[in-house]
Amino acid sequence: MDVNTPLRELPGVGEARAKGLEKLGLRVAGDLVGYFPRSYEDRRQVYAIAEAPVGELCCVRVMAAEEPRRMRIRRGLDVTRLKVVDGTSAMLVTFFNQGYVRQALHRGEEYILYGRVELMGIHRQMTNPQFEGAERPWACGRIMPVYPLTAGITNHLLAGLVERALRELPPPAETLPDSLLARHRLAPAAECWRSIHFPADEAALDAARRRFAFEELFYLSLGLALLRERRSRGRGPGFGETDLEGFYQLLPFTLTGAQRRALETAAADLALPRPMNRLVQGDVGSGKTAVAAGCAWLAVRSGWQCAMMAPTEILAEQHAKTLSAMLAPAGIEVGLLTGSMKVSEKRKVLAALESGALPFVVGTHALLSQGVAFHRLGLVITDEQHRFGVEQRAALAAKAGGEEDFSPNVLVMSATPIPRTLALIIYGDLDVSVIDELPPGRMPVKTVLVGESKRQRMYGFVRDQVKEGRQVYIVCPAVEENPDGAWDLKAVTEYARVLGEQVFPDLHVGLVHGRMKAKEKEAAMAAFTAGETHILVSTTVIEVGVDVPNASLIIIENADRYGLSQLHQLRGRVGRGKHQSWCVLVSDNRSPDTRARLKVLTQTNDGFKIAEEDLKLRGPGDFFGERQHGLPALRVADLETDTRVLKEAQEAAAELLAADPELTELEHRPLLEKVRRLFEEDPDRFN
Ligand code: ADP
Ligand code: MG
């Protein structure tokens, strides 16, 4: 075989399995070595029956004491059983629905079994072990890789193919300069390729993992640093207006110190002739909108247009309303653009943007569509960034058009407090401001966890809050998330009806969910904002950004179904005004893990702490639900545990660029090539 040999041509593969392998991204022999194991099984120790640790996966060397026999237990269940022995003891082995073992195992032959030894009284037994001849074992007696699989592809097949590729193909070329290898005491590639699949021992595996983790993080850091470099050298609008006094006069409140710092840092960036790329990160309710508004004000006063992109229509509409009210006294008009607007309305907005008559537009990703063109786009704001990928941010910025090295200023606002390690990677190409202070007079939201038995008391509490003039959110799992008759899930529509007709017939109960028509959604939100609706039953569409300061209670049904960060976002819908606010998490889930997870929320209001817990509990892969940050996937590096390696890799990248900012030196050219490929690789790597 050579690197280009199609896998279908290899013995034991064939057409059907080749299709399965292709699903895993494996087409030719050269792909195999780069397919990394998900985990490993330590099969080095081979035990005698009596010595095998009970309940743990292990290898046991045995002799078949009889031919395997078929037992009939019930229709459709094929059971094969045989007794195996070694010098000192015996054990019963059972296979379910694996009739072929009756041909594969023979009395008097020796085998190594891999599985769990269980105790039945004083007898040992094993069920469905893997097995191979004891003469020349392949999978036992060493550390075996465990690969991510798909239907029709066994780990055995894949491990066999990879081993063959390692044996017959030249190892992939070294991709790190010698100086880096020496400096960071990294093992050379050739050795690591073998060890990452078939490590001789833990030390070899650690060395290989560390090397590949370093390599991934190094190239990622290098790519992000180059992006940042390149952008900072490009031309930006350079806003002429720098004085914020006029803006401060428009605000109904005084900015907090943290808001002011973030805004003034941004204002300084905006005045420079190179584009700003800044992330403003602040916990829910910290007042990020005001910072964005200040930047927009500077843009418009300087004769540039501003576009602000929000992840949901509800949020876009809300922003358009607040910003419009705030900026109108200064004569700044704010338009709205969402996918569900009437064509005629849209057309008006589009024309005004193109002619430059409309200086400021707020919208959803509808802003990215083809027909949207600007007269002079100078500032792009994305709210709740974790919902957008790197490219979407870039796509909107690209609407500024013009000369090649020109980019508009970019301001990104994120409410997801991202643990520092992750932020370094995800926002590696942005400068960061943190708003670490809440507006004055805010009382921390009190959070309680209750079970079904408290439901009536909880409804009593809802009534009390409404009597005091407050409003209430009740959040249920989304309409579409009501599979196979799970009748205890409060399907949101039905729940709203029952609440309105039976529990609170004297109150106004509203409803909003993602499947509603835009107009209905808008009307429902408007009624709640105006205080006409006392109780708003909703799905998580209110998760991001929705701001109704009079709401003082949020009840989250089936709270165990959400991640901690998401619950924290939802909780952020209350505690926005001067009233004591409450969050009630409803869950009857008794699992100790789930309860421990939910308890975190009752103990802290600190978004960063919660995000860190969430990261610990769910792992970074899951942290964003899907990979929405738009960066190449990490295959080996683990952002949670590889923080030391991350730091080293980032320093190495920074040093390299300090010495050779464009990577033009001959020995650095391959690095540049590799970064290019990494960041340009097929699109699904980017989302
Ligand atoms: P977030 O950071 O979650 O986007 P918002 O910008 O929606 O927060 O602000 C939350 C609420 O706090 C809004 O009602 C806003 O008017 C109010 N607010 C923002 N800044 C201040 C401030 N400095 N003083 C008082 N209220 C403020
Ligand atoms: Mg917000």
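Procedures and definitions
Residues numbered from 1 in each chain as written. Chains lettered and ligands numbered in written order. Predicted model: local features only at pLDDT ≥ 70, side-chain atom pairs only at ≥ 80, totals over all residues. Heavy atoms only, no water. Helix = DSSP H or I, 4+ residues; strand = E, 2+ residues; numbered from the N terminus. Buried < 20%, exposed > 50% of the residue type's maximum accessible area, 1.4 Å probe, protein only. Near = heavy atom within 4 Å. Polar contact = N/O pair within 3.5 Å; in protein donor to acceptor, adjacent residues only side chain to side chain. Areas by Shrake-Rupley, 256 points an atom, 1.4 Å probe, with all protein chains shown as cover. Nonpolar A, V, L, I, M, F, W, Y, C, P; charged D, E, K, R; others polar. pLDDT = per-residue confidence, 0-100. Contact = heavy atoms within 4.5 Å. Phe/Tyr/Trp six-rings, centres within 6.5 Å; stacked < 30°, edge-to-face > 60°. Lys NZ or Arg CZ within 6 Å of the ring centre and 35° of its normal. Core = buried A, V, L, I, M, F, W, Y, C linked by side-chain atoms within 4.5 Å. Pairing = 2+ DSSP bridges. Axes fitted to C-alpha atoms, helices over the stretch in contact; angles between N-to-C directions. Lys, Arg positive; Asp, Glu negative; His and termini not counted. Salt bridge = Lys/Arg side-chain N within 4 Å of Asp/Glu carboxyl O. Parallel < 35°, antiparallel > 145°, perpendicular 65-115°, else oblique. Left-handed = near helix turned anticlockwise from the far one by under 90°.

Engineer: Describe the environment of K599, and please don't skip the residues or the numbers.
Structural biologist: Counting through the fold element by element, K599 comes out in helix α19 (residues 592–603). For K599, a relative accessible area of 39% corresponds to the partly exposed category.

Engineer: How would you explain the site of ligand 1 if you had to name every residue and give the values?
Structural biologist: The environment of ligand 1 is made up of 17 residues, and the closest members are G285, K288, T289, R442 and D547. One of the side-chain nitrogen or oxygen atoms of Q259 is found 2.9 Å away from a nitrogen atom of ligand 1. Measuring from an oxygen atom of ligand 1, one finds a side-chain N or O atom of K288 at 2.7 Å. Burial of ligand 1 by the protein chains amounts to 85% of its free accessible area of 570 Å². Split by residue class, the shell around ligand 1 holds five nonpolar, seven polar and five charged.

Engineer: Outline the confidence of the model for the chain, supporting the account with residue identities and numerical values.
Structural biologist: Residue-level pLDDT values for the chain average 85, and 89% of them are 70 or greater. Confidence drops under pLDDT 50 across residues 481–489; counting only partners more than four residues distant or on other chains, this segment forms nine contacts. The low-confidence segment residues 681–687, where pLDDT is below 50, has 15 contacts with residues more than four positions distant or belonging to other chains.

Engineer: I'd like a description of the packing of aromatic side chains, backed by residues and values.
Structural biologist: What the rule picks out here adds up to 13 aromatic pairs. Each ring, one from F95 and one from F131, has its centre 5.8 Å from the other, and the planes form 80°; the classification is edge-to-face. In this pair, F95 sits in strand β6 (residues 90–96) while F131 sits in strand β9 (residues 130–133), placing the two residues 36 residues apart along the sequence. On the basis of relative accessible area, F95 is assigned to the buried category, the value being 0%. One aromatic cluster in this structure is built from F36, W193 and F212. Here R43 stacks its cationic end above the ring of Y114, 3.7 Å away from the centre of that ring.

Engineer: So what's going on with the nonpolar core? Which residues, and what values?
Structural biologist: Generally speaking, a soluble globular protein has its nonpolar side chains buried in company with each other. Within the largest apolar cluster, 66 residues are counted, with the highest numbers of intra-cluster contacts made by F247, F360, V361 and L379. Looking at this core element by element, the count peaks at 10 residues for helix α10 (residues 288–301). For L379, the residues in contact, after removing those within four places along its chain, are F239, L270, M276, C295, A296, A299, Q305, C306, A307, P408, N409 and L411. L10, L158, L222 and L663 belong to the second-largest nonpolar core, a separate cluster that totals 56 residues.

Engineer: Explain the sheet that holds strand β19 (residues 471–475) to me, using residue names and the numbers behind them.
Structural biologist: Taken together, the six strands give an open sheet; going across it, the order is β18-β23-β22-β19-β21-β20, and neighbouring strands pair in parallel fashion. What marks the edges here is a single partner per strand, and that holds for β18 (446–450) and β20 (509–512). Adjacent strand axes in the sheet meet at a mean angle of 20° when their direction is disregarded. Taken strand by strand, helix α15 (residues 455–467) contacts β18, β19, β21 (535–538), β22 (551–556) and β23 (582–586), and its axis lies near 160° from that of β22.

Engineer: Would you mind going over the environment of A397 in detail, with residue names and values included?
Structural biologist: Structurally, A397 can be placed in helix α13 (residues 390–398). On a C-alpha basis, the gap between A397 and A307 in space is 9.3 Å, while along the polypeptide they are 90 residues apart.

Engineer: Just give me the short version of the side chain of E317, but keep the residues and values in it.
Structural biologist: Mapped onto the fold, E317 is located in helix α11 (residues 313–327). The side chain of E317 sits in the buried core without any salt bridge; K321 is the nearest counter-charge, 5.8 Å away. Residues within four places of E317 in sequence aside, it is in contact with L336 and E522.

Engineer: Give a description of the sheet that holds strand β15 (residues 377–383) that names residues and reports values.
Structural biologist: In space, the seven strands of this open sheet follow the order β13-β14-β12-β15-β16-β11-β17, with parallel pairing throughout. The open sheet has two edge strands, β13 (334–337) and β17 (431–435), and neither has a second partner. Direction aside, the axes of adjacent strands within the sheet are offset by 20° on average. The pairing of strand β11 (residues 277–282) with strand β16 (residues 409–414) spans five bridges and is parallel. From the neighbouring strand, V280 faces β16, where its bridge partner is M413. Running over the sheet, α10 touches β11, β12 (305–309), β14 (360–363), β15, β16 and β17 and is turned about 170° from β16. Against the sheet, α11 engages β12, β13, β14 and β15, with an angle of about 170° to β13.

Engineer: Any details on the packing of α10 against α11? Residues and values, ideally.
Structural biologist: When two helices pack together, their arrangement is captured by the angle between the axes and the distance separating the axes. Relative to each other, α10 and α11 sit at 55°, their axes nearing to 11 Å. Between α10 and α11, the interaxial angle falls into the category oblique. Judged by the sense of rotation from one axis to the other, the crossing of α10 with α11 is right-handed. Along the contact surface, α10 presents T289, A293 and W297, while α11 presents H319, L323, M326 and L327. Looking at side-chain class alone, the contact of α10 with α11 contains five nonpolar, two polar and no charged residues.

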